[in-house]
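What follows is each chain in one-letter form.
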Amino acid sequence: MAACGRVELLALLLLLLLLSAALCSRSVQAFKSPANGAPPLQNLQLRVAGLSNAQASQSRRSGGWKLAEEAACREDLTRLCPKHTWNNNLAVLECLQDRKELLWNYKLNLTTDSKFESVAVEVCKSTITEIKECAEEERGKGYLVSCLVDHRGNITEYQCHQYITKMTSIIFSDYRLICGFMDKCVEDINTLRCGSINTGEKDLHSQGEVIACLERALVREAEQQDHAHTIQEECKKAIMRVAELSADDFHLDRYLYFSCRDDRERFCENTQVGEGRVYKCLFNHKFEEAMSEKCRDALTTRQKLIAQDYKVSYSLTKACKADLRKYRCNLDTNMPRVREARLSYLLLCLESAVHRGRTVSGDCQGEMLDYRRMLMEDYSLSPEIVLHCRGEIDAHCSGLHRKGRTLHCLMRVSRGDKGTMDTLCQNALQALVQSADPGADYRIDRALNEACESVIQTACKHIRNGDPMILSCLMEHLYTEKMVEDCEHRLLELQYFISRDWKLDPLLYRKCQSDAARLCHTHSWNETNELMPHGAVFSCLYRHAYRTEEQGRRLSRDCKVEVQRILHQRALDVKLDPELQKRCMTDLGKWCSEKTETGQELECLQDHLEDLVTDCRDVVGNLTELESEDIQIEALLIRACEALIQSHCHEFADNQIDSGDLMECLVQNKHQKEMNDKCSVGVTHFQLVQMKDFRFSYKFKMACKDDVLKLCPNIKKKVDVVICLSTTVRNDTLQDVKEQRVSLKCRKQLRVEELEMVELDYQLMRVCKQMIKVPVPFLPLGLFKNNQLFSLDSGRRPHSLLLSPQRFCSEADAKNMLNCLKQNKNNEMMDPKCKQMITKRQITQNTDYRLNPVLRKACKADIPKFCQDILRKASDDSELEGQVISCLKLKYADQRLSSDCEDQIRVILQESALDYRLDPQLQLHCSEEITRLCAEEAAAQEQTGQVEECLKGNLLKLKHEACKKEVLNMLKESKADIFVDPVLHTACALDLKHHCAAIPPGRGRPLFYSLYTLAIPLEHINDHVSVCPSFSICQVTRTADGFVDLAARVLQSPSKNYILLMIALAVCMLFLIGLLCGRITKRVTRELKDR
């Protein structure tokens, strides 16, 4: 029954109090019956006239006898009690309790008569009526007074409240006076050797120490389990009941009271006794340096009892009583009483109500905040952590007990920063973080609060103190200049656990709880679901966050914003993504053990995507696919590219839905002045990753996924997919099919992807990596000559010690790498596979000027000026087949291009003169002629210009006018500049050196102005000129036969406009001079006439 753990003999003590009060006039006045009609104390004295013989023999004591007159008490009374209390037995008893054997016997004898219960009925008549539980207690056994002690906080009668309060303080001086306590715990007291149950053997304060010993044993049992003595269930209940009854007044916990008397005076001198206020004050100062160790240990034991049963905290029980009843936190009949009473269960239940938007009283929330902070400050208050994390604490976290440092040390171990952690310990930490819920208020985590105070004051000062947005603000400033190192560590340690349970982020839970229930079938905040564990809920949410309307079942806008915020945070550290860390632990150690800098681990996993195990590859692939749709998830990249985004891409950054637009903008503006090294590296890395799988390019995936499935099945790499689709488009174009197999939207996007592939050619970099990144091997002493290594010993070039190909492009950046490789393509040390790949890229670039960013930039003014008709006819989804470049070649021959564009076209002419495949128009129109007339040269594929020379030599045999036109254009270009015809230039190199060294290159000057004008004799021309069938020696050395021939040559000259202009200027000058001279002559003649 309800009185099992109560004070049975308090009724008899009530009589003691009444008798003492009757003998003292002050007490009589203090306890006179109030207006409610309660009988005066003098009348109550008459009610106890029929005492037992044992008490009648002490009639003198029940009359005017005073404790102060006893010789056994006189010395202690004089030393310990104020003199004004000597005449009041009640005051003396309270002062000297637990001091001598006489006092205990006195109290024990007084508690042997049940008639004192009738006194309680008289004094607390109205109170008993109001408290239903006490009114129903069985009379005659002392249970009524025990019930009144239990409900003393609800007693409103002044007289009744005074009696019950005084008696409570007296009864707790000795555990043997508590109803049933000695009977239930005698065996455990003896087994644990907590003290003596015999009166003659007890020492000063030993009775309080006995209870403290039992409490420590109870706590130790929860922390050690198999290795600790198991206390009997009835004794456990009695121990917890004693702790509950002493919850409001720290005087009632005798051991704690005597252990903390000095500390109470030091820290809590002005704190009023009652309602647990002194306890709370001492708890707040527990880790102060001035706190005595004995008091700190006693307070810790008290806190551990509170963790096992929240009712041990009077203030928490009182403040949250109505809320507990309202939200049915203690009415689960299926739950064991031990679990239901735990502090963690109460906190979880009430936190669930708060997170669901329910109203919880301010006093209750204040108490919850205090105890959540208490749990985070001292790990030992969680028995599961003490039990399961003992090894980790001893190995890594010894000596860090105070202010939450041990807990954060364990968090750091859990992250893998200091070793490995047992699963049970990990689960215990996760449960503690969930109970304390520091994500709702950063101040709960004292270690984090102290470490991040300066950052909060500077970076987050605009946010209200205690707001959940503080943690989000700190994460936004992670790895920035405002973040300090200690705060960074504490923040990541806490976020590691918050990221593993979506409910621990209050902002996310508040916005997404309805979506999670609808889409992921979650339960309430403090309930679990085996089918959908906490860590899997967020994965479910972000899978729905980026669905299209056609796919259905999308997140609400507010929830999607929060999911994006979490994804941005997780991108800062791979350990904040539970699924990624779990599945990629082996690969992280294998491939990325040296990648410890910010963001390097994820980049490393993406770089080794093909090498990862299947589970890890799937997770990394899904995350990369998600980043392609919303690159803002990559918070570090966005920070690095902030200047570029603000200047050129701000309209995409402000969009709620990215859809790959921002990354496309960054790629298109890679060469802007705002692009810094960090941003360039980040964008380039993402482009390289996109090459591994076409799904990693969101726009390309959405535009071409159907075409890929239909035309290029079983192909994943983006390079291969683009080649497959481009080949299909090209074949359909050449065959003039009525309907293209590749859809229009895919063809448009294909142009963009081809441009990016040329700018950042993943396949080219992979094939030519030996030409770029191979380190220089150890070489013997020697010297370099003509880019070859010669040994000093023999003077010969050793075959095994060739100069490393790193010399080609070791210092070239990514955007200039292809141009560098082009320049070195014909070097004899170039790898054949790399050379072949370079040629393929050149062919691709020359088909469409849009695929050559360097040419496009250099000729941005010339292309619209001279080739507007071609651009007008072309569409975004069609290939230009080299038409624009052919247009620019003709303007080069006419010397009308800008200097930058002229330089680029000269390079293209030089390259295409050696390989006809680099001239798309020539290949398109002369394919049949090449097969018919130059098959042998084309089959050789030596890239020495033999096919071009063959076509020039067979100019008159060409049947197709379009092909003949292309060959004539080549001749015209060569006449304009001998340097764009490598074959002719090589043949005439010595003669140009001897006879034309002073003539600047370009505009045909070395060949036509020098060789024509000087009329070099045939025998002076180098014999190698004969290898060029397109220019005969006679054509070079023949002089003009007359004025008509001279005029014809002028008109055929590429500089005819210049020559005619010079002639016209000369004529004009002569005319002006003639006019001027004639006027002077006429004036002189008139003067002569006048004389």
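Residues numbered from 1 in each chain as written. Predicted model: local features only at pLDDT ≥ 70, side-chain atom pairs only at ≥ 80, totals over all residues. Heavy atoms only, no water.

### Quick notes on the overall build of the protein
Stage number 1. Counting secondary structure elements, the protein contains 66 helices and two strands.
Stage number 2. By the burial criterion, 51% of the 1091 residues in the protein qualify as buried.
Stage number 3. Put simply, of all contacts in the protein between residues at least 6 apart along the chain, 63% involve residues at least 24 apart.
Stage number 4. With the model as given, the accessible surface of the protein reaches about 53,500 Å², and the carbon-plus-sulfur share is 51%. (Helix = DSSP H or I, 4+ residues; strand = E, 2+ residues; numbered from the N terminus. Buried < 20%, exposed > 50% of the residue type's maximum accessible area, 1.4 Å probe, protein only. Contact = heavy atoms within 4.5 Å. Areas by Shrake-Rupley, 256 points an atom, 1.4 Å probe, with all protein chains shown as cover.)

### Comments concerning the pattern of salt bridges
Stage number 1. Tallied over the full model, the rule gives 42 salt bridges.
Stage number 2. For E244, the salt bridge goes to R241, with nearest N and O atoms at 3.0 Å. Residue E244 and its partner R241 are located together in helix α16 (residues 233-245), separated by three residues, close to a single helical turn.
Stage number 3. Residue classification places R241 among the partly exposed residues on the basis of a relative accessible area of 21%.
Stage number 4. With its nearest N and O atoms 3.7 Å apart, the salt bridge here joins K699 to E664. A residue pair is termed long-range when its members are at least 10 positions apart, and K699 in helix α44 (residues 698-711) and E664 in helix α42 (residues 661-668) qualify at 35 residues. (Salt bridge = Lys/Arg side-chain N within 4 Å of Asp/Glu carboxyl O.)

### Quick look at the packing of aromatic side chains
Stage number 1. Tallied over the full model, the rule gives six aromatic pairs.
Stage number 2. Geometrically, the ring pair formed by Y279 and F283 is stacked, given 6.4 Å between the ring centres and 20 degrees between the ring planes. Of this pair, Y279 and F283 are both found in helix α19 (residues 277-284), four residues apart, which corresponds to roughly one turn of the helix.
Stage number 3. With a relative accessible area of 4%, Y279 lands in the buried category.
Stage number 4. Above the plane of the ring of Y255 lies R216, whose end atom (NZ or CZ) is 5.5 Å from the centre. (Phe/Tyr/Trp six-rings, centres within 6.5 Å; stacked < 30°, edge-to-face > 60°. Lys NZ or Arg CZ within 6 Å of the ring centre and 35° of its normal.)

### Focus: unusual backbone geometry
Stage number 1. Here E275, not a glycine, exhibits a phi torsion of approximately 55 degrees, which is positive.
Stage number 2. Relative to the elements of secondary structure, E275 occurs in the loop between α18 (261-267) and α19.
Stage number 3. Of the residues examined, E275 reaches a relative accessible area of 34% and is grouped as partly exposed.
Stage number 4. The backbone of N714 shows a phi angle near 65 degrees, a positive value even though the residue is not glycine.
Stage number 5. Mapping N714 onto the fold places it in the loop between α44 and α45 (718-734).
Stage number 6. In this structure N714 comes out as exposed when scored by relative accessible area, which is 83%.

### Considering the nonpolar core
Stage number 1. Counting 105 residues, the largest nonpolar core has L343, L350, I385 and L474 as its most contacted members.
Stage number 2. Tallying contributions element by element places helix α15 (residues 206-224) first for this core, with eight residues.
Stage number 3. Formed by 22 residues, the second largest nonpolar core is a distinct cluster that contains C512, L541, A545 and V563. (Core = buried A, V, L, I, M, F, W, Y, C linked by side-chain atoms within 4.5 Å.)

### Details of the state of the cysteines
Stage number 1. Under the criterion given, the structure shown has 23 disulfides.
Stage number 2. Each sulfur of the disulfide joining C460 and C473 lies 2.0 Å from the other. On the sign convention where negative is left-handed, the bridge of C460 and C473, at about -95 degrees about the S-S bond, is left-handed. Of the two residues, C460 is situated in the loop between α30 (453-459) and α31 (469-476) and C473 in helix α31; the sequence distance between them amounts to 13 residues. C473 shares its class with C460; the two are buried.
Stage number 3. Note that C926 is cross-linked by a disulfide to C963, the S-S spacing being 2.0 Å. (Disulfide = S-S within 2.5 Å.)

### So, α16
Stage number 1. Taking 1.5 Å of rise per residue, 13 residues should cover 18 Å, and α16 covers 18 Å from first to last C-alpha, within 8% of that figure.
Stage number 2. Among all positions in α16, only C235, K236, A238, I239, M240, V242, A243, E244 and L245 are buried. (Expected span 1.5 Å × (residues − 1).)

### Details of helix α65 (residues 1043-1052)
Stage number 1. Regarding α65, the residues found buried are D1045, R1049 and V1050. Projected down its long axis, α65 shows its buried positions confined to an angular sector of 140 degrees, all on one face. For α65, the exposed residues lying more than 90 degrees away from the buried face are F1043, V1044 and L1051. (Arc of directions from axis to C-beta.)

### Concerning the packing of helix α23 (residues 343-355) against helix α28 (residues 423-436)
Stage number 1. Running from N to C, α23 and α28 point in directions that differ by 55 degrees, and their axes come no closer than 8 Å. Viewed along their axes, α23 and α28 adopt a mutual orientation that is oblique. Two secondary-structure elements touch here, α23 through S344, L347, L348 and E351 and α28 through Q434, S435 and A436.
Stage number 2. Residues belonging to the contact of α23 with α28 are distributed by class as follows: three nonpolar, three polar and one charged. (Axes fitted to C-alpha atoms, helices over the stretch in contact; angles between N-to-C directions. Parallel < 35°, antiparallel > 145°, perpendicular 65-115°, else oblique. Nonpolar A, V, L, I, M, F, W, Y, C, P; charged D, E, K, R; others polar.)

### Some words on the side chain of E244
Stage number 1. Classification of E244 as buried rests on a relative accessible area of 16%.
Stage number 2. If near-sequence neighbours (up to four positions away) are discounted, E244 is found in contact with D309, K311 and V312.

### Observations concerning a nonpolar patch on the surface
Stage number 1. Together, M1069, F1071, L1072, I1073 and L1075 line one region of the surface with nonpolar side chains, adding up to about 520 Å² of accessible area.
Stage number 2. Within the secondary structure, L1075 is located in helix α66 (residues 1056-1090). (Patch = residues over 30% accessible without salt bridge, like charges linked within 9 Å, V, L, I, M, F, W, Y side chains within 5 Å.)

### Re the packing of helix α38 (residues 600-607) against helix α39 (residues 614-629)
To describe two helices that pack against each other, one gives the angle between their axes and the distance between the axes.
Stage number 1. Look at α38 against α39: their axes get within 10 Å of each other, and the N-to-C directions meet at 110 degrees. The pairing of α38 with α39 is recorded here as roughly perpendicular in orientation. Facing α38, whose interface residues are L602, L605 and Q606, α39 presents C616, V620, L623, T624 and E627.
Stage number 2. The residue makeup of the contact of α38 with α39, split by class, is five nonpolar, two polar and one charged.

### Here we look at the environment of E594
Stage number 1. With respect to the element layout, E594 can be found in the loop between α37 (585-591) and α38.
Stage number 2. Along the sequence, E594 and C604 sit ten residues apart, while their C-alpha atoms lie 9.8 Å from each other.

### Remarks on the confidence of the model for the protein
Stage number 1. Confidence in the prediction for the protein averages 76 pLDDT; 73% of positions are at 70 or higher.
Stage number 2. Predicted confidence is poor over residues 98-104, with pLDDT under 50, and the contacts of this stretch with residues over four places away or in other chains come to 29 contacts.
Stage number 3. Residue range residues 331-337 is modelled with pLDDT below 50. Its contacts to residues more than four positions away, or to other chains, number seven contacts. (pLDDT = per-residue confidence, 0-100.)

### Focus: the environment of S313
Stage number 1. Position of S313 relative to the elements: it lies in the loop between α20 (293-308) and α21 (314-326).
Stage number 2. Setting aside its immediate chain neighbours within four residues, S313 contacts A247, I306 and Y371.

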